[in-house]
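Architecture and fold: a report
Residues per chain are reported as follows:
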Amino acid sequence: MTGFQRIAVLGSTGSIGESTLDVIARHPDRLGVYALSAYSRMERLAEQAVATGAAVVVVPSDDARARFLAAWPAAARQPDVRVGSEALAEVAAAPECTTVMAAIVGAAGLPAALAAARSGKRVLLANKEALVAAGALFMAAVRDAGAELLPIDSEHNAIFQCLPHGGRAGAPQAPARGVRKLILTASGGPFRRHDPADLENVTPEQACAHPNWSMGRKISVDSATMLNKGLEVIEAHWLFAMPADRIEVVIHPQSVVHSMVEYDDGSVLAQLGQPDMRTPISYGLGFPERLESGVGPLDLTRWGRLDFEKPDFERFPCLDLSFQALRAGQAACITLNAANEVAVAAFLEGRLPYTWIPRVISAALEWQAGLSSVTLAGLDDVLALDVAVRRFAGDLGTA
């Protein structure tokens, strides 16, 4: 994308949002903030809006709007403060905006990400649910509107960098020629060496103590269960038009190799770098050029060795459930994601043991498979199934 970019950062107070603003601030001649959004941290949102000169902010409720305005410094010029999910989608589609960083966690970020795609924006996708819950719908919107789609998850960004794409970012309808398989790397999280029998009494604090990455609590738990990697497998299927049997997951505890692409001639291309999200973010913002990100150089001599191993599905049943859901179809993927969100929330609130997370997901998948029929013709259908799954899983998430 040439010219000055005006960026809407959706989920600006989260770790991806903060890293995005850091990269934007390094390139004031090329990048600027049009809009910001946040769910709960209104004081931090106000600080960001002052620092970036955002024209618009979006908050979830009238109460949040009051808290934002209370935190706003009297001398500063006040932005346009909008409320609710419809406002979020309108901002993502606004003609004043050229680029959308879709970094809202969970299904709540889906409508806005879809609105950005339908408006032909450059979409930097850090929201997994847009593809996990509505992959066919989302990718069709990208194709129909001629939107640019750049994955921001470090694994998918690494794969994108290793694939032949001719300087274009869109929605492929078939695997890239010459590619044998995609290899997603996973750190293995904090329980990589734990006996599965010892996980029953895991605490939220232990599950959130990721060895390599600094992330929010929900995504940290997903990394510990490797459900996060399972969602990435589903994402990779949609992003790169790759069938499940040509996507592999390997555990790589150093998190230096972010992912790999294996070609028919036996070559394997890998993208390496520091475990810092500013690298894929700067790549997405600058594509097809590369921008300075603030990330330091990678010193391979410091690591000395790089290890790889196959994941143990007994220790990580959520990863196995994710492959099952991908093979079963879109409705199963929606179910997997929604049930996991309910189960993880219950675990973080102390209402559900850690080992019950995959049990809730498995039960929800069995329930969904037994439904007489599921129609997924549009976003309303996707969201309706999501709500139904959450209701079912919520009844289970009180063990």
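This text follows the structure it describes.
Below, the structure is looked at part by part. (Residues numbered from 1 in each chain as written. Predicted model: local features only at pLDDT ≥ 70, side-chain atom pairs only at ≥ 80, totals over all residues. Heavy atoms only, no water.)

1. Description of the overall build of the chain
A tally of regular secondary structure across the chain gives 17 helices and 11 strands. Rg of the C-alpha trace for the chain: 20 Å, near the compact-globule value of 21 Å for 399 residues, within the 12% margin. Considering the chain as a whole, with its 399 residues, one finds that 55% of them fall into the buried category. Carbon and sulfur atoms make up 51% of the accessible area of the chain, which totals about 16500 Å². (Helix = DSSP H or I, 4+ residues; strand = E, 2+ residues; numbered from the N terminus. Rg over C-alpha atoms; globule rule 2.2 N^0.38 Å. Buried < 20%, exposed > 50% of the residue type's maximum accessible area, 1.4 Å probe, protein only. Areas by Shrake-Rupley, 256 points an atom, 1.4 Å probe, with all protein chains shown as cover.)

2. Observations regarding the nonpolar core
Ranked by size, the top nonpolar core spans 130 residues in total, and within it Phe138 and Ile357 carry the most contacts. Among the elements that take part in this core, helix 15 (residues 330–348) stands out by supplying 12 residues, more than any other. No fewer than three residues from each of domain 1 (5–151) and domain 2 (329–398) sit in this core. Residues contacting Ile357, with those up to four places away along its chain left out, are Val221, Thr225, Cys318, Asn340, Ala343, Val344, Phe347 and Leu352. (Core = buried A, V, L, I, M, F, W, Y, C linked by side-chain atoms within 4.5 Å. Domains from an automatic or database assignment. Contact = heavy atoms within 4.5 Å.)

3. A look at the packing of aromatic side chains
For the coordinates displayed, the defined rule picks out 7 aromatic pairs. Ring plane angle 15° and centroid distance 4.9 Å describe the contact between Trp367 and Phe392, whose orientation is recorded as stacked. With Trp367 in helix 16 (residues 356–369) and Phe392 in helix 17 (residues 379–396), the pair connects residues that are 25 residues apart, well separated along the chain. Given the relative accessible area of 26%, Trp367 is considered partly exposed. Each residue in the set Phe160, Tyr283 and Phe287 is aromatic and connected to the rest through ring pairs, giving one cluster. (Phe/Tyr/Trp six-rings, centres within 6.5 Å; stacked < 30°, edge-to-face > 60°.)

4. Topic: the pattern of salt bridges
Under the criterion given, the structure shown has 26 salt bridges. One salt bridge in this structure joins Glu292 and Arg26, with 3.8 Å as the shortest N-O distance. In this pair, Glu292 is assigned in the loop between helix 12 (278–286) and helix 13 (300–303) and Arg26 in the loop between helix 1 (15–25) and strand 2 (31–37), connecting sequence segments 266 residues apart. For Glu292, a relative accessible area of 44% translates into the label partly exposed. Arg278 is paired through a salt bridge with Asp276; the nearest N and O atoms lie 2.9 Å apart. The network of salt bridges with common partners includes Lys128, Asp153, Glu155, Lys229, Glu232 and Glu235. (Salt bridge = Lys/Arg side-chain N within 4 Å of Asp/Glu carboxyl O.)

5. Quick notes on the pairing of strand 10 (residues 257–263)
Within strand 10, 7 of the 7 residues are buried, which leaves the element mostly enclosed by the surrounding structure. Pairing of strand 10 with strand 11 (residues 268–272), which is carried by 5 bridges, proceeds in the antiparallel orientation. Residue pairing in the sheet places Glu262 in a bridge with Val268 of strand 11. Count of turn residues in the strand 10/strand 11 antiparallel hairpin: 4 residues, of which Gly266 carries a positive phi of about 95°. (Pairing = 2+ DSSP bridges.)

6. Observations regarding the pairing of strand 2
Burial runs high along strand 2: 7 of the 7 residues are buried. Where strand 1 (residues 5–10) and strand 2 come together, 6 bridges link them in parallel fashion. Looking at the pairing, Gln5 lines up with Leu31 of strand 2. This β-α-β element, strand 1 to helix 1 to strand 2, shows right-handed connectivity. In this sheet, strand 3 (residues 56–59) lies alongside strand 2 in parallel orientation, the contact comprising 3 bridges. Paired with Ala35 across the strands is Val56, a residue of strand 3. Handedness of the crossover joining strand 2 and strand 3 through helix 2 (residues 42–52) is recorded here as right-handed. (Right-handed = clockwise from strand over helix to strand, strands pointing away.)

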